[in-house]
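Letter by letter, the chains look like this.
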Amino acid sequence: MKIGIVIDPVHNIKPKKDSSLALMLAAQADGAEIFVVQQDDLFTENGCAYGHMQKIEVFDREQDWCRLDDKKTVKLACLDMLFMRKDPPVDKRFIHTTYVLDQAAAEGVSVVNPPHTLRDFNEKIFAAHFPEFSPPYTIGADFGIFKEFLDLHGKIIMKPLDGMGGDGVFMIEKGDVNFDVIWETLTQRGRYPVIAQRFIEDISAGDKRIIVIDGEAFPHMLVRLPAKGSIRGNLAVSGAYDVRRLSEKDHAISEAVGKKLKSENILFAGIDIIGEYLTEVNITSPTGLREIARESGADPAVLLWQKAVALRLRDCDNTPRDTTSRTVA
């Protein structure tokens, strides 16, 4: 198999915690050839999708963890699978990249996750599809809407719709003199919608990341623990974590979300739960694989790769494909 991974600059990867590396290690162990490409190196021309790609060999170590070949311009159709692992923000540039991935899919490449789902399912808004599990929330841009929401609940979280890693997350209490400034900053004075959620006190016990692969929750989850005095559990800002088995409530939420994900052919997702509330559904570039594997002894990246191979085989059975020019030059 030949697989491509759309990725942020390779030199920025932290090998100890990077889920894209975990996936590459699993694929390479199974004999796959791996090629990496950045979104700025993707383009379409005369009805075909291309990329300036680099073949990569990976190693499970902290230093000198990869070996890269020189960039070569090739058709994406020479790949069997392509994983979109570019981190948010899901901005205009990200959306443009999904159009190139659409073209690759039309040429027979199995794209994970499907490009249209990356556009259709914002990870903050996606959680709102499950009101029975979500905390009270409001999404909008008008100051008055958020003022009423704050007055009703007394303590809320506000955050942008397209961020990641805890960026732009604010806790606001009723009477906070900075509330209007926070609103101005997040919405750019009412120009862009954001989400507000009732504050969940259980954040002190951690922010749970559950890995969902082909609609099924992995039995171990990553629990990201806020630093003392913080309300953000993201590893990018706290660094502490634990790995635990899912509770009965976690399973119930995961099952409901998993059914929806599977119906949309979303192979790989990370759902975030605080206490007993679903807060986000991440399908852009879910993380947590390395930490879960390290602490549980079971590697979700291996399962993800196995499911991806099965998906590829199903695609091949259902869609005849021209394989006359599949060599990566």
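Residues numbered from 1 in each chain as written. Predicted model: local features only at pLDDT ≥ 70, side-chain atom pairs only at ≥ 80, totals over all residues. Heavy atoms only, no water.

Describing a nonpolar patch on the surface
In step 1: Taken together, Ile-125, Tyr-137 and Ile-139 make up a surface patch of nonpolar side chains, about 210 Å² in accessible area.
In step 2: Mapped onto the elements of the fold, Ile-139 is located in strand E9 (residues 137-140).
In step 3: For Ile-139, a relative accessible area of 31% gives the class partly exposed. (Patch = residues over 30% accessible without salt bridge, like charges linked within 9 Å, V, L, I, M, F, W, Y side chains within 5 Å. Areas by Shrake-Rupley, 256 points an atom, 1.4 Å probe, with all protein chains shown as cover. Salt bridge = Lys/Arg side-chain N within 4 Å of Asp/Glu carboxyl O. Helix = DSSP H or I, 4+ residues; strand = E, 2+ residues; numbered from the N terminus. Buried < 20%, exposed > 50% of the residue type's maximum accessible area, 1.4 Å probe, protein only.)

Some remarks on the confidence of the model for the protein chain
In step 1: Residues with a pLDDT of 70 or more make up 92% of the protein chain, whose mean pLDDT is 92.
In step 2: Contacts from residues 322-327, a stretch scored under 50 in pLDDT, to residues over four places away or in other chains number eight contacts. (pLDDT = per-residue confidence, 0-100. Contact = heavy atoms within 4.5 Å.)

Things to note about the pairing of strand E3 (residues 42-45)
In step 1: Relative to strand E4 (residues 48-58), E3 runs antiparallel, the two being bridged by four bridges. When the sheet's bridge partners are listed, Phe-43 is paired in E4 with Tyr-50.
In step 2: As consecutive antiparallel partners, E3 and E4 are separated by two residues, and within that stretch Asn-46 has a phi angle of approximately 50 degrees, a positive value. (Pairing = 2+ DSSP bridges.)

Points about the nonpolar core
Grouped burial of nonpolar side chains is what soluble globular proteins tend to show.
In step 1: Leu-76, Leu-261, Ile-271, Leu-278, Val-281 and Ile-283 are the most contacted members of the largest nonpolar core, which has 39 residues in total.
In step 2: Looking at which element gives the most residues to this core, the answer is helix H2 (residues 92-106), with four residues.
In step 3: Excluding anything up to four places from it in sequence, Leu-76 contacts Leu-42, Ala-49, Tyr-50, Gly-51, Met-53, Leu-82, Val-100, Ala-104 and Val-109. (Core = buried A, V, L, I, M, F, W, Y, C linked by side-chain atoms within 4.5 Å.)

Quick look at the sheet that holds strand E12 (residues 194-198)
In step 1: Spatially, the four strands line up as an open sheet ordered E9-E12-E10-E11, and their pairing is antiparallel. Each edge of the open sheet is held by one strand with a lone partner, namely E9 and strand E11 (170-173). Ignoring strand direction, the axes of neighbouring strands in this sheet form an average angle of 25 degrees.
In step 2: With five bridges connecting them, strand E10 (residues 155-160) and E12 associate as antiparallel partners. Pairing of Met-158 across the sheet is with Ala-196, part of E12. (Axes fitted to C-alpha atoms, helices over the stretch in contact; angles between N-to-C directions.)

Observations regarding the environment of Gly-31
In step 1: You can see Gly-31 is positioned in the loop between helix H1 (19-29) and strand E2 (33-37).
In step 2: Residues Gly-31 and Glu-57, 26 residues apart in the sequence, show an inter-C-alpha distance of 11 Å.

A word on unusual backbone geometry
Where the residue is not glycine, phi is negative for most of them; where a peptide bond is considered, it is trans in most cases.
In step 1: The residue after Pro-88, namely Pro-89, is reached through a cis peptide bond having omega 20 degrees.
In step 2: With respect to the element layout, Pro-89 can be found in the loop between strand E7 (81-84) and H2.
In step 3: A cis geometry characterises the amide bond from Val-112 onward to Asn-113, with omega recorded as -10 degrees.
In step 4: Assignment of secondary structure puts Asn-113 in the loop between strand E8 (110-112) and helix H3 (115-120).
In step 5: We note that Asn-46 has phi near 50 degrees; this positive angle belongs to a residue other than glycine.
In step 6: Summarising the element assignment, Asn-46 is placed in the loop between E3 and E4.
In step 7: You can call Asn-46 exposed: its relative accessible area is 76%.
In step 8: Non-glycine residue Gln-188 carries a positive phi angle of around 50 degrees.
In step 9: Topologically, Gln-188 is positioned in the loop between helix H6 (179-187) and E12.
In step 10: Take Gln-188: its relative accessible area is 41%, and that puts it in the partly exposed class.

A word on the side chain of Glu-280
In step 1: Along the chain, Glu-280 falls in strand E18 (residues 277-282).
In step 2: For Glu-280, the side chain forms a polar contact with the side chain of Lys-159, separated by 3.0 Å.
In step 3: Among all residues touching Glu-280, those that are not within four sequence positions of it are Glu-123, Lys-124, Ala-127, Lys-159, Gly-270, Ile-271 and Asp-272. (Polar contact = N/O pair within 3.5 Å; in protein donor to acceptor, adjacent residues only side chain to side chain.)

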